[in-house]
Amino acid sequence: MCMRFIFVALGGAVGAMGRYAISLIPTKTDFPVLTLITNIAGAILIGFIVGIVNLREDISPHTALFWKTGVCGGFTTFSTFSLEAVSLLERGAYWAGGLYIALSVICCMTGVLCGRALAMLLR
């Protein structure tokens, strides 16, 4: 069990460093293009990882955990959200998939607003 946490932590460090490196790219726009690029890249990466893990039986669970939960989770949790939403839709759970997408966006944006409001109360 402890080894799983180590693989996730190591992968998370790699993913977080990758996300930070992308954020250092100079841009000339107020649009969050680097975050969008990070989220799209993370979605592509997690899709590739899941595809490879499903195709090959020689990939250890620790390796999959390192890449999926660690690297992708440290890089962007949007990749995990995207994978879960696509999985629901592919299984034909359209209502659940749509609800998951809508609730994730609405509740998380509301969460940001609530968190900021709470922080303002602590000033």
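Residues numbered from 1 in each chain as written. Predicted model: local features only at pLDDT ≥ 70, side-chain atom pairs only at ≥ 80, totals over all residues. Heavy atoms only, no water.

With that settled, consider the overall build of the chain. Scanning the chain for helices and strands turns up 5 helices and 0 strands. Reading the secondary structure of the chain in the N-to-C direction produces α-α-α-α-α. Its C-alpha atoms give the chain principal-axis dimensions of roughly 50 × 35 × 35 Å. When each of the 123 residues of the chain is scored for burial, the buried share is 21%. The contacts in the chain between residues at least 6 apart in sequence include a share of 62% that link residues at least 24 apart. Each charge sign in the chain was given a centre, from 8 positive and 5 negative side chains, and these centres are 12 Å apart. (Helix = DSSP H or I, 4+ residues; strand = E, 2+ residues; numbered from the N terminus. Buried < 20%, exposed > 50% of the residue type's maximum accessible area, 1.4 Å probe, protein only. Contact = heavy atoms within 4.5 Å. Lys, Arg positive; Asp, Glu negative; His and termini not counted. Charge placed at Lys NZ, Arg CZ, Asp CG, Glu CD.)

Take the environment of A9 next. Mapping A9 onto the fold places it in helix α1 (residues 2-23). Residue A9 is classed as partly exposed on the basis of its relative accessible area, which comes to 49%. For the pair A9 and G70, spaced 61 residues apart in sequence, the C-alpha to C-alpha distance is 6.2 Å.

Before going further, it helps to examine the environment of Y100. Summarising the element assignment, Y100 is placed in helix α5 (residues 94-121). Sequence spacing of Y100 and F81 is 19 residues, and the spatial spacing of their C-alpha atoms is 8.9 Å. Setting aside residues no more than four positions away along its own chain, Y100 makes contact with F81, E84, A85 and L88.

Before going further, it helps to spend a moment on the packing of α1 against helix α3 (residues 61-75). With their axes 6 Å apart at the nearest point, α1 and α3 run at an angle of 35° to one another. Crossing geometry of α1 relative to α3 is assigned as right-handed. Across the contact of α1 with α3, the residue classes tally to 11 nonpolar, 8 polar and 2 charged. (Axes fitted to C-alpha atoms, helices over the stretch in contact; angles between N-to-C directions. Left-handed = near helix turned anticlockwise from the far one by under 90°. Nonpolar A, V, L, I, M, F, W, Y, C, P; charged D, E, K, R; others polar.)

This next bit is on the layout of surface pockets. Computed from the structure, the largest pocket encloses a volume of approximately 160 Å³. F78, F81, S104, V105, C108 and M109 together form the lining of the largest pocket. Looking at the lining of the largest pocket, the elements with two or more residues in it are α4 (78-90) and α5. If one sorts the elements of the lining of the largest pocket by residue count, α5 sits on top with 4 residues. Taken together, the residues that form the lining of the largest pocket break down as 5 nonpolar, 1 polar and no charged. (1 Å grid on protein atoms, 1.4 Å probe; cavity = no way out; pocket = protein on both sides within 12 Å on 5 of 7 lines; lining within 4 Å. Points joined across faces, edges and corners; volume = space filled by probe spheres on them.)

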